[in-house]
Amino acid sequence: MSDIAFLFVLFGLPAQIVITLVLVVLGLLAATLLVWMRAAPPAEDEKANEKRRELKARIGSWWAMVTLLVVALALGRTAMIVLLAFVSYLALKEYLTIIPTRKADRVVLLVAYLAVPVQYYWVGIGWYGMFVIFIPVYMFLILPAAMVLRGETQGFLKAAGTLHWGLMTSVFAVSHAAYLLAVPPPDAPLGMGAGLLVFLLIATEFNDVAQFVSGKLIGRRKITPRVSPNKTIGGFLGGLVATILLSAALAPILTPIGAWQAAVIGGLLATAGFFGDIVMSAVKRDLGIKDTGTMLPGHGGILDRIDSLVFTAPIFFHAVRYFYF
């Protein structure tokens, strides 16, 4: 049995997905070695030492996230959906922790949490019609109805709006990534849904890294200094070009998308990811906080890590579903 066939049997995934994941792990290993082998700054340079510690913590978090992704993919479709549902639950919990909520809405918050398993149940059974309207329509109606029964009108409109916005971002938007597993028809090649998901996650996270690195190297003019001072035109363009090139090379391997179409989608993902990042930055500035949480050392909270995915997942999902399935 060839090595490729062995990997296929071991993971239950197409060889191209396994090889892609192996390359991701090797890239992360190379980054880890570079950081640990790099000479430490002088002890008195506290700022440089703090940046080094943050970088080590960030890479440690990346190891944890990549490991969870690989394990979930190896365990199969249900495990991956459960993992993303758990991510949505943590993101919603984090969101409800940082926003001001009313005491009268404690029962309503429970209703909001219950929307997580229900939404991902629609994903699991592949019921697109209910998946696409449950939160934007039914939860839009259920939440204010539950709130008004509590009898508290002070701050009603603001509370209803913030709760629904939280569900839309942390649950509805993220669940589009999970539904990629159910998009291909039953007669599609094995692992096509997993390939779509892996491509989306890699392109989204790669764009974040590419924009960050490009901003450090060639970033000069700031785009939104009052919202996210570190975002520059150079950083955005560097990430845009890098993501287009990566998408054109990777999508034809993992998905039914051709190279030229993938380049266009890569541009959309890079742009969407940029706006997802600065929108979450605007939320944090409005709340007067630096990070949404501390769950991911070096990154902040769950929302800090999935802010780009909130925008890229729905756009990629609907583009793929409309043009390819």
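This write-up is about the structure you can find in this document. (Residues numbered from 1 in each chain as written. Predicted model: local features only at pLDDT ≥ 70, side-chain atom pairs only at ≥ 80, totals over all residues. Heavy atoms only, no water.)

## Regarding the overall build of the protein
On a plain count of helices and strands, the protein comes out with eleven helices and two strands. For the protein, the sequential pattern of α-helices and β-strands runs α-α-α-α-α-α-α-α-β-β-α-α-α. On C-alpha atoms alone, the protein measures out to a radius of gyration of 21 Å, which is about the 20 Å that the 2.2 N^0.38 rule sets for 325 residues. With the principal axes as the frame, the protein shows a C-alpha extent of 65 × 60 × 30 Å. Looking at the protein as a whole, 47% of its 325 residues are labelled buried. Within the protein, contacts between residues separated by at least 24 positions form 71% of all contacts whose residues are at least 6 apart in sequence. Distance between charge centres in the protein, computed from 25 positive and 17 negative side chains, equals 4 Å. (Helix = DSSP H or I, 4+ residues; strand = E, 2+ residues; numbered from the N terminus. Rg over C-alpha atoms; globule rule 2.2 N^0.38 Å. Buried < 20%, exposed > 50% of the residue type's maximum accessible area, 1.4 Å probe, protein only. Contact = heavy atoms within 4.5 Å. Lys, Arg positive; Asp, Glu negative; His and termini not counted. Charge placed at Lys NZ, Arg CZ, Asp CG, Glu CD.)

## As for helix α5 (residues 106-125)
Helix length check: α5 (20 residues) gives 30 Å between terminal C-alpha atoms against 28 Å at 1.5 Å per residue, within 8%. Residues of α5 that are buried: V108, L109, A112, A115, V116, Q119, Y120, W122 and V123. Count one or two residues on from α5 and you reach G126, which has phi positive near 70°. (Expected span 1.5 Å × (residues − 1).)

## Re the packing of helix α9 (residues 233-254) against helix α10 (residues 259-287)
For the pair α9 and α10, interaxial distance at closest approach is 7 Å and the crossing angle is 140°. What the angle tells us is that α9 and α10 run oblique. Relative to α10, the crossing made by α9 is right-handed. Between α9 and α10, the contacting residues are F236, G239, L240, T243, I244, S247, A248, A251 and P252 on the first element and A259, A262, A263, G266, G267, A270, T271 and F274 on the second. Residue composition of the contact of α9 with α10, by class: eleven nonpolar, six polar and no charged. (Axes fitted to C-alpha atoms, helices over the stretch in contact; angles between N-to-C directions. Parallel < 35°, antiparallel > 145°, perpendicular 65-115°, else oblique. Left-handed = near helix turned anticlockwise from the far one by under 90°. Nonpolar A, V, L, I, M, F, W, Y, C, P; charged D, E, K, R; others polar.)

## A few points about the packing of helix α8 (residues 192-218) against helix α11 (residues 302-324)
Taken N-terminus to C-terminus, the directions of α8 and α11 make an angle of 135°; their axes are 10 Å apart at the nearest point. What the angle tells us is that α8 and α11 run oblique. Of the two possible hands of crossing, α8 and α11 adopt the one that is right-handed. Packed against α8, whose contacting residues are L196, F199, L200, L201, T204, E205 and D208, the element α11 presents R305, S308, L309, T312, A313, F316 and V320 at the interface. Class assignment of the residues belonging to the contact of α8 with α11 gives a composition of eight nonpolar, three polar and three charged.

## Looking at the side chain of H299
Here H299 shows up in the loop between α10 and α11. The exposure class of H299 is buried, given its relative accessible area of 8%. Of the polar contacts made by the side chain of H299, one reaches the side chain of R305; its length is 3.0 Å. Every residue in contact with H299, bar those within four places of it in the chain, is listed here: R58, S61, W62, M65, D291, D304 and R305. (Polar contact = N/O pair within 3.5 Å; in protein donor to acceptor, adjacent residues only side chain to side chain.)

## Details of a nonpolar patch on the surface
Taken together, I19, V22, L23, L26, L29, L33 and M37 make up a surface patch of nonpolar side chains, about 650 Å² in accessible area. The residue L33 is located in helix α2 (residues 15-37) in this model. Looking at L33, the relative accessible area reads 45%, which means it is partly exposed. (Patch = residues over 30% accessible without salt bridge, like charges linked within 9 Å, V, L, I, M, F, W, Y side chains within 5 Å. Areas by Shrake-Rupley, 256 points an atom, 1.4 Å probe, with all protein chains shown as cover. Salt bridge = Lys/Arg side-chain N within 4 Å of Asp/Glu carboxyl O.)

## As for the pattern of salt bridges
The final tally for this structure, using the stated rule, is seven salt bridges. In this structure, E205 engages R305 in a salt bridge whose closest nitrogen and oxygen atoms are separated by 2.9 Å. Separated by 100 residues along the polypeptide, E205 in helix α8 and R305 in helix α11 bring together distant segments of the chain. The exposure class of E205 is buried, given its relative accessible area of 15%. A residue is classified by how much of its surface remains accessible, and R305, at 12% relative accessible area, is buried.

## Considering the packing of aromatic side chains
One pass over the full model with this rule turns up 17 aromatic pairs. Among the aromatic residues, those joined into a ring-pair cluster are Y128, F131, F172, Y179 and F317. The ring of W36 has K56 lying over it, and the distance from NZ or CZ to the ring centre is 3.8 Å. The residue whose ring lies beneath R321 is Y128, and the NZ or CZ to ring-centre distance is 3.5 Å. (Phe/Tyr/Trp six-rings, centres within 6.5 Å; stacked < 30°, edge-to-face > 60°. Lys NZ or Arg CZ within 6 Å of the ring centre and 35° of its normal.)

## Details of the environment of D105
As for its placement among the helices and strands, D105 is situated in the loop between α4 (77-98) and α5. C-alpha separation for the pair D105 and H299, spaced 194 residues apart in sequence, amounts to 30 Å. A distance of 2.8 Å separates a polar atom in the side chain of D105 from a polar atom in the side chain of R102.

From the geometry alone we can't say anything about function, so treat these as descriptive.
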